[in-house]
Amino acid sequence: LSEKLQNVMKKLSGRGKLSEADVKAAMREVRLALLEADVNYLVVKDFVKKVSERAVGGEVLSSLTPGQQVIKIVNEELTALMGKTQARINYASAPPTVIMLVGLQGAGKTTMAAKLGLNLKKQGKKPLIAACDVYRPAAIDQLKIVAEKAGVPVFEQGQGQPVKIAQGAKAECQRLLYDTLIIDTAGRLQIDQAMMDEVKAIRQAVGVHEVMLVLDAMTGQEAVNVASSFNEQVGVDSVILTKLDGDTRGGAALSLRAVTGKPIKFCGVGEKLEDFEPFYPDRMANRILGMGDMLSLIEQAQANFDEEQAIKMEKKLRTQQFDLEDFLEQFQQVRKMGGVADLIKKLPGGLANKVNADDVDERQMYRMEAIIRSMTPQERRQPEILGASRKKRIAAGSGCTVQQVNQLLKQFDGIKKMMKQFGGMGGKRRKFRGLP
Ligand code: GDP
Ligand code: MG
């Protein structure tokens, strides 16, 4: 999938101008690539429609080439398809939180139980793993080995009854104050009723808070089918994708969210315990598109796009509508652009010479920002109304002195005055930049 999409995108990015036909042709190839990668047909249809609409509808970002724009849209829509980042566990209000890992045999449940346990431990939790895959003695040994590596205790009763073991493990949590119980269950090679009934029984018996379905990403569309069955029969809260390290087609990640509506929370990217990651839709999209470099270029172009915003701001300044709200926005822009010194270089010619970078220190900027944040919207728009008592309140709210509030207001006034002067030079600059 990756390779195919990358080729389409490379072709696009080289182009100067794109016609509607170019976009159409590109979308046809994207569609094929997704279908070949086993992405669900309806998902593909919807995806291509969305991208085409946006691409042809001409969302124009003046600093990007048309090809870059399409890539940007494809990337954004891929990300959206996989949902928002939700790499969190739903903790129960009263411990222990019970997590049950379900899935087919070989999906990676046992490995994930240990990985999850290790991760929880790193977060300061106290997990316990219950060994409820009782059908093969080797399964319990395997769990014990990986859990020991992770330093997470295992509750087991040999080849006893899974439901009883889960209950026993929960009681153990209450007794020894483990706050999270991870239940490792048995899988079959294929979905069968006995397996479903068993996990359902465990779910009911111990009150599972989160059923996590572990899916092998290498199995493509089959993983999506498995997810649908589990969801219908047992109820699934979230998904873990394993084996994303392999030469996976990525199709599963793309359809899963759209088809099942369940978030992908974590992923396995190797056999070792450390090969565990929160699932980030944007990173996955980047990986599928393989356009990391191109995308960071696009991001840069987008940063430049903020320059257009700066021009808008300049206009406001010239017409004297500049208020503290705008001032605050400026601070945020400054931070985004990497600091004061950098910003001063970007100021329009006349101003840059008047401002000395050494006069503005960053700490002071943070203080100023805090002060403005402590003002009400009305105060930000009309600083004239700031009397002694309001100033006192603002100073207290921002952890500053009244003098510092006054100082900020003075600085703000100074800037406004400077802008007034600058307004006179506007004409020349406008012509120079070719603005209306
Ligand atoms: P279970 O049957 O669902 O409990 O699956 P296991 O945890 O026993 O894993 C089955 C096989 O997949 C084992 O050989 C694991 O080492 C391997 N495995 C699990 N997760 C990953 C992963 O993220 N990447 C890779 N490459 N292998 C994995
Ligand atoms: Mg297992």
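Each chain has its residues counted from 1, running along the sequence as written. Lettering for chains starts from A, numbering for ligands starts from 1, and both go in the order in which the items are written. In keeping with the predicted nature of the model, local features appear solely for residues at pLDDT of at least 70, side-chain atom pairs appear and are counted solely at 80 or more, and the whole-chain, interface and lining totals rest on all residues.

Time to look at the sheet that holds strand β1 (residues 97–102). Strand pairing is defined by DSSP finding a minimum of two bridges between the two strands. The helix and strand labels rest on DSSP assignments: H or I over at least four residues marks a helix, E over at least two residues marks a strand, and numbering proceeds from the N terminus. Spatial ordering of the open sheet is given by β3-β2-β4-β1-β5-β6-β7-β8, a layout of 8 strands whose pairing is mixed. Both outer strands of the open sheet, β3 (154–155) and β8 (276–278), are each paired with one neighbouring strand and no more. In this sheet, strand β7 (residues 264–268) lies alongside strand β6 (residues 238–242) in parallel orientation, the contact comprising 3 bridges. Note that in β7 the partner of Ile 240 across the bridge is Phe 266. Helix α7 (residues 162–176) rests against β1, β2 (127–132), β3 and β4 (180–185) of the sheet, and its axis sits at about 165 degrees to β2. Here, residues touch in the contact sense if the C-beta positions derived from the backbone fall within 7 Å of one another. Lines fitted to C-alpha atoms define the axes, with helix axes restricted to the stretch in contact, and inter-axis angles between N-to-C directions lie between 0 and 180 degrees. Docked against the sheet, helix α8 (residues 193–206) engages β1, β2, β4 and β5 (210–216), running at close to 180 degrees with respect to β1.

Here the focus is the site of ligand 1. Ligand 1 sits among 19 residues. The nearest are Gly 108, Lys 109, Thr 110, Thr 111 and Gly 268. When residues of the shell around ligand 1 are assigned to their parent elements, the largest contribution, 3 residues, is made by helix α5 (residues 109–122). Residues of the shell around ligand 1, tallied by class, amount to 3 nonpolar, 11 polar and 5 charged. Near, for a residue, is defined by distance from a backbone-placed C-beta atom to a molecule or strand, with 6 Å as the limit that must not be exceeded. Side-chain classes follow a simple rule in which Ala, Val, Leu, Ile, Met, Phe, Trp, Tyr, Cys and Pro form the nonpolar group, Asp, Glu, Lys and Arg form the charged group, and the remainder, Gly included, forms the polar group.

A few words now on the packing of helix α9 (residues 221–233) against helix α10 (residues 251–260). For the pair α9 and α10, interaxial distance at closest approach is 8 Å and the crossing angle is 30 degrees. Considered as vectors, α9 and α10 are oriented roughly parallel to each other. Here α9 runs over α10; the crossing is right-handed. Here α9 contributes Gln 221, Ala 223, Val 224, Ala 227, Ser 228 and Asn 231 to the contact with α10, which in turn contributes Gly 251, Ala 252, Ser 255, Leu 256, Val 259 and Thr 260. Of the residues contributing to the contact of α9 with α10, the split by class is 6 nonpolar, 6 polar and no charged. Working definition: roughly parallel below 35 degrees, roughly antiparallel above 145 degrees, roughly perpendicular at 65 to 115 degrees, and oblique for all remaining angles. Note: crossing handedness is left-handed where the near helix turns anticlockwise from the far helix by less than a right angle, and right-handed where it turns clockwise.

Further remarks concern the confidence of the model for the protein chain. Scored between 0 and 100, pLDDT is the confidence that the predictor attaches to each residue. Averaged over all residues, the pLDDT of the protein chain equals 80, while 76% of them reach at least 70. Long-range and interchain partners of residues 424–436, a stretch whose pLDDT sits below 50, account for 4 contacts in this model, where long-range means more than four residues apart.

This paragraph deals with α7. The end-to-end C-alpha distance of α7, which contains 15 residues, comes to 21 Å, matching closely the 21 Å that a straight helix rising 1.5 Å per residue would cover. In this scheme every C-beta is placed from the backbone, and a residue whose C-beta has 20 or more other C-beta atoms within 10 Å is buried, one with 12 or fewer is exposed, and one in between is partly exposed. Residues of α7 that are buried: Pro 162, Ile 165, Ala 166, Ala 169, Lys 170 and Cys 173. For α7, the angular spread of the buried residues around the axis is 140 degrees, confining them to a single face. Among the exposed residues of α7, those oriented more than 90 degrees off its buried face are Ala 171, Gln 174 and Arg 175. Structurally, α7 contributes buried residues whose contacts are with β1, β2, β3, β4 and α8. Positioned one or two residues after α7, Leu 177 has a phi angle of 60 degrees, which is positive. To estimate the expected span of a helix, count its residues, drop one, and scale the result by 1.5 Å. As used here, the arc belongs to the directions running from the helix axis to the C-beta atoms.

What follows covers the pairing of β5. Consecutive residues of a regular strand have side chains that alternate between opposite faces of the sheet. Within β5, 6 of the 7 residues are buried, which leaves the element mostly enclosed by the surrounding structure. Two elements, β1 and β5, share 4 bridges in a ladder whose sense is parallel. Bridge pairing in β5 links Leu 101 to Met 212. Bridge count for β5 against β6 is 5 bridges, and the pairing is parallel.

The next subject is the nonpolar core. The biggest cluster of nonpolar side chains holds 95 residues, and the ones touching the most others in it are Met 100, Ala 130, Ile 183, Leu 215 and Leu 241. The domain boundaries here were taken from an automatic or database domain assignment. Shared between two domains, this core takes at least three residues from each, and those domains are domain 1 (2–81) and domain 2 (97–282). In this structure, Met 100 is in contact with Ile 183, Thr 185, Val 199, Ile 202, Arg 203, Val 208, Val 211 and Met 212, ignoring residues within four places of it in sequence. By definition, a nonpolar core groups buried Ala, Val, Leu, Ile, Met, Phe, Trp, Tyr and Cys residues that connect through C-beta atoms lying within 7 Å of each other. Core analysis: the second largest hydrophobic core is formed by 9 residues, Leu 324, Met 375, Ile 394 and Leu 408 among them.

Packed helix pairs are characterised by how far apart their axes lie and by the angle those axes make with each other. At a minimum axis distance of 9 Å, the contact between α7 and α8 shows a crossing angle of 30 degrees. Put simply, α7 runs roughly parallel to α8. Between α7 and α8 lies a crossing of right-handed hand. Between α7 and α8, the contacting residues are Pro 162, Val 163, Ala 166, Gln 167 and Lys 170 on the first element and Glu 198, Ala 201, Ile 202, Ala 205 and Val 206 on the second. Broken down by class, the residue content of the contact of α7 with α8 amounts to 7 nonpolar, 1 polar and 2 charged.

The next thing to look at is the pairing of β2. A large share of β2 lies buried, amounting to 6 of its 6 residues. Residues Pro 127, Ile 129 and Ala 131 point to one face of β2 and Leu 128, Ala 130 and Cys 132 to the other, with burial holding for every one of them. Inspection of the sheet shows β2 paired to β3 by 2 bridges, in the parallel sense. Looking at β3, one finds that Ile 129 is bridged to Val 154. For the crossover from β2 across helix α6 (residues 137–150) to β3, the handedness is right-handed. A clockwise path from the first strand over the helix to the second, with the strands pointing away from the viewer, defines a right-handed crossover.

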